[in-house]
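Tertiary structure, described
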Amino acid sequence: MGFDEFLDYVGQFGKYQRVRYFLLCLFSVVAAWHSLNMVFVGAKPENHCRFPDVSNFTPRSLTVQDLATIFFIPPGEECRMYNISQTLEIWNAAGNNITSMVILGVNRSIVKCPLGSTFSTEKYKSTIVSEFELVCDRKFWVKTSKSVYFAGRLLGAAVFGHLSDSFGRRPMFFVAIVLLVVSGGVTAASQNIFMFLPLYFLQGAAQTGAFLIAFTLSTELVGPNYRVVTGFVIQIFYSIGYMSLAAIAYFLQEWRYLEAAITAPCVLFVIYWWFLPESVRWLLSQNRDKEAEKIIEDVAKANKVTLSPDIIESLKKSQSDQLTRKYTFMDFIRHWRILKLSLNIWFNWLVNALVYYGLSLNTENLGGNPYVNFCIAGAVEIPAYLVCIFLLNTVGRRIPLVAAMCIGGVACIVSGNLPTEGNRMQITSIVLAMVGKFCITGSYAIIYLMAAELFPTVVRNTGMGISSMSARIGGILAPLFIDLKSVAQPLPIILFGGFAVASGLLALLLPETKGRPLPERLEDVQETRWPWAHNKLEVRDGSQSIVELSDL
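Bear in mind that the values here come from a model prediction, so they are computed numbers and not experimental data. (Residues numbered from 1 in each chain as written. Predicted model: local features only at pLDDT ≥ 70, side-chain atom pairs only at ≥ 80, totals over all residues. Heavy atoms only, no water.)

Turning our attention to the overall build of the protein chain. Looking only at helices and strands, the protein chain features 23 helices and 6 strands. Sorting the 552 residues of the protein chain into buried and exposed places 52% on the buried side. In the protein chain, the proportion of contacts linking residues at least 24 apart, taken out of those at least 6 apart, comes to 79%. As displayed, the protein chain offers around 24,400 Å² of accessible surface, 64% of which is attributable to carbon and sulfur atoms. (Helix = DSSP H or I, 4+ residues; strand = E, 2+ residues; numbered from the N terminus. Buried < 20%, exposed > 50% of the residue type's maximum accessible area, 1.4 Å probe, protein only. Contact = heavy atoms within 4.5 Å. Areas by Shrake-Rupley, 256 points an atom, 1.4 Å probe, with all protein chains shown as cover.)

Moving on: the state of the cysteines. Going through the model one piece at a time under the given rule, you end up with 2 disulfides. Across a sulfur-sulfur distance of 1.8 Å, C49 and C113 are joined as a disulfide pair. Measuring the twist about the S-S bond at about -65°, one finds the C49-C113 disulfide to be left-handed. Here the residue C49 occupies a position in strand β1 (residues 47-49), and C113 occupies one in the loop between β3 (110-112) and β4 (117-119), the gap between them amounting to 64 residues. Accessibility assignment for this pair places C49 and C113 in one class, buried. Across the disulfide, C79 is cross-linked to C136 (sulfur-sulfur distance 2.1 Å). In this structure, the disulfide formed by C79 and C136 twists by about -100° around the S-S bond and is classed as left-handed. Pair noted here: C79 is in the loop between α4 (64-72) and β2 (80-82) and C136 is in the loop between α7 (128-131) and α8 (140-167), with a separation of 57 residues, a long-range link. (Disulfide = S-S within 2.5 Å.)

This next bit is on the pattern of salt bridges. All chains considered together, the criterion is met by 7 salt bridges. R288 is the salt-bridge partner of E291, the closest N and O atoms lying 2.8 Å from each other. With relative accessibility at 38%, the residue E291 sits in the partly exposed group. By relative accessible area, R288 is classed as partly exposed at 32%. (Salt bridge = Lys/Arg side-chain N within 4 Å of Asp/Glu carboxyl O.)

Attention now goes to helix α19 (residues 381-394). In this model α19 runs 21 Å from its N-terminal to its C-terminal C-alpha over 14 residues, within 8% of the 20 Å that 1.5 Å per residue would give. For α19, the full list of buried residues reads E381, I382, A384, Y385, C388, I389 and L392. Each buried residue of α19 lies within a common arc of 150° when the element is viewed along its axis, so the set occupies one face. Trailing α19 by a residue or two, G396 shows a phi angle of about 120°, which is positive. (Expected span 1.5 Å × (residues − 1). Arc of directions from axis to C-beta.)

Here we come to the packing of helix α11 (residues 227-252) against helix α12 (residues 255-263). The N-to-C vectors of α11 and α12 enclose an angle of 140°; their axes lie 9 Å apart at closest approach. Classified by the angle between their axes, α11 and α12 sit oblique to one another. When you trace α11 past α12, the crossing you get is right-handed. Within the contact between the two elements, α11 uses L245, I248, A249 and L252 and α12 uses Y257, L258, A261 and I262. For the contact of α11 with α12, the per-class residue count stands at 8 nonpolar, no polar and no charged. (Axes fitted to C-alpha atoms, helices over the stretch in contact; angles between N-to-C directions. Parallel < 35°, antiparallel > 145°, perpendicular 65-115°, else oblique. Left-handed = near helix turned anticlockwise from the far one by under 90°. Nonpolar A, V, L, I, M, F, W, Y, C, P; charged D, E, K, R; others polar.)

Residues K139, K143, K146 and K485 make up a contiguous surface patch of positive charge. When you line up the elements, K143 lands in helix α8. The class for K143 is exposed, based on a relative accessible area of 59%. (Patch = residues over 30% accessible without salt bridge, like charges linked within 9 Å, V, L, I, M, F, W, Y side chains within 5 Å. Lys, Arg positive; Asp, Glu negative; His and termini not counted. Charge placed at Lys NZ, Arg CZ, Asp CG, Glu CD.)

With that settled, consider the nonpolar core. F173, F196 and F232 are the most contacted members of the largest nonpolar core, which totals 119 residues. With 13 residues, helix α10 (residues 193-221) is the single largest residue contributor to this core. If near-sequence neighbours (up to four positions away) are discounted, F232 is found in contact with Y385, C388, I389, L392, G442, A445, I446 and L449. Of all hydrophobic cores here, the second largest spans 12 residues; its members include F6, L7, I295 and V299. (Core = buried A, V, L, I, M, F, W, Y, C linked by side-chain atoms within 4.5 Å.)

All right, on to the side chain of R397 then. For R397, the position within the fold is in the loop between α19 and α20 (398-417). Residue class for R397 comes out buried when judged on its relative accessible area of 2%. When sequence neighbours within four positions are dropped, the list of residues in contact with R397 reads P224, R227, V228, L392, I446, L449, M450, E453, E512, T513 and K514.

So, on to the environment of G408. Following the sequence through the fold, G408 ends up in helix α20. Since its relative accessible area comes to 6%, G408 is described here as buried. Along the sequence, G408 and V501 sit 93 residues apart, while their C-alpha atoms lie 7.9 Å from each other. Dropping the residues within four chain positions of it, G408 is found in contact with A403, G436 and C439.

Take helix α22 (residues 460-482) next. Taking 1.5 Å per residue as the helical rise, α22 with its 23 residues ought to reach 33 Å, and the 33 Å between its terminal C-alpha atoms agrees with that figure. Counting buried residues in α22 gives 17 out of 23 residues, a clear majority hidden from the surface.

Mapping S503 onto the fold places it in helix α23 (residues 491-506). Sequence-wise, S503 and N344 are 159 residues apart; in three dimensions their C-alpha atoms are separated by 8.5 Å.

Here the focus is unusual backbone geometry. With phi around 50°, E133 is a residue other than glycine that occupies positive phi space. With respect to the secondary-structure elements, E133 resides in the loop between α7 and α8. According to the relative accessible area criterion, E133 is partly exposed, its value standing at 27%. Positioned with a positive phi, K304 is a non-glycine residue whose angle comes to about 60°. With respect to the helices, strands and loops of the structure, K304 is situated in the loop between α14 (289-302) and α15 (309-318).

From the geometry alone we can't say anything about function, so treat these as descriptive.
Rendered as structure tokens:
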């Protein structure tokens, strides 16, 4: 008896699975907070050079801000101001006569901010940009912070993916939680950018590691009939976290309080130690039958199913040929079938992340309140997930993935080639860009699910970890692609569309996973079954082999 058949017997999504799955979904909300907090933590308020106290020189008809705008801050300048000594000399010479000031001030020199910068608190009371003054000659630190965070996520995907396949999903999940609590808490107390960066790096590693394991656990917890729904519902909870982060940031508006607020709930997940079990699939793949049997009995009891000893023994027997050795990245290279499958998946992850983050950063501001705009951006993703749930349960995984990436890619390419003149054309261009974002949101979730369904249990988290690493590389590349707008304004979005179409066509080579058992061993990975090909017949015996019709 295979494990999926066993789940058919005890319940593919019974009470036991529903409770544990909901707990994992709650963590998805917090994971979104930590994934997206840089939008507010690293926000750049309006700024200009700090000017000296000029109250003694202020004419009654002008406010201090008026004088600053007219006599200290050149139009359109953030990092330079009129020479202070020359300006004060002009004021003294003019004797508070406004007209004389303007005439005398025509030839003043412009210098870099000698007293530093001052920042508006209209939208953000405090960010790392305003507190550490990361503007002008120091503005590169903002981009560096984002790159460092993505680098941390890349490392977290690699390390936690491998370690959870070696030592188990459950212990590594709690290691990531503890690291997230410590790094997030200390980050909120950072005194300068040099203290902030390494802690933010660790925060990115912990967030990605914990969410990756949570997603894998949720996939391995349920039967094949529920993998689509559970795979997308956990993403919907992620979108809820996306939207709720806007509310948290709006009410706090100070980056230290925001960091503390999104980190404090992580302490509660330590309680999961008494509720969250190890993956039974992983335990069986490691020949840890005693531990697996205890969890199986708990599942049957919670789902009100009576187990016979024959069923448990049959389940153990089906796993008896699992090797106890540790699997590594080298196992992907040794087998051509798993390698070409993995390369396809990893490239799809990279492109999905590249286009997703690229479109998010390249989209024109909606105008108005940034907190409302951010909330809307998160809300847009939920309909995409709901549509995917319907399609994937009826059509399958591969065709919706290909369609989403190709349609979204074409929409981006057309959007980039439309003329920018005219209000109607601008609206059409933005709508097409939003179609692209809608599609890429769906395709990102589909490839996430397909990766979990295609990688065998013995290397699933390692494969998912490398997939997540690929996505982090895509995220790092996205800002670099956006900088190409200096070459041609529509070039970034056209490139995003081109990569999406290419990746979508390559996805045609991926096997369909709808209704199929999760592969347990490397040998269970099968060749693509083309919809129009009838020369192969899949035989569901213990070896999971594919037999040519001519051989029967």
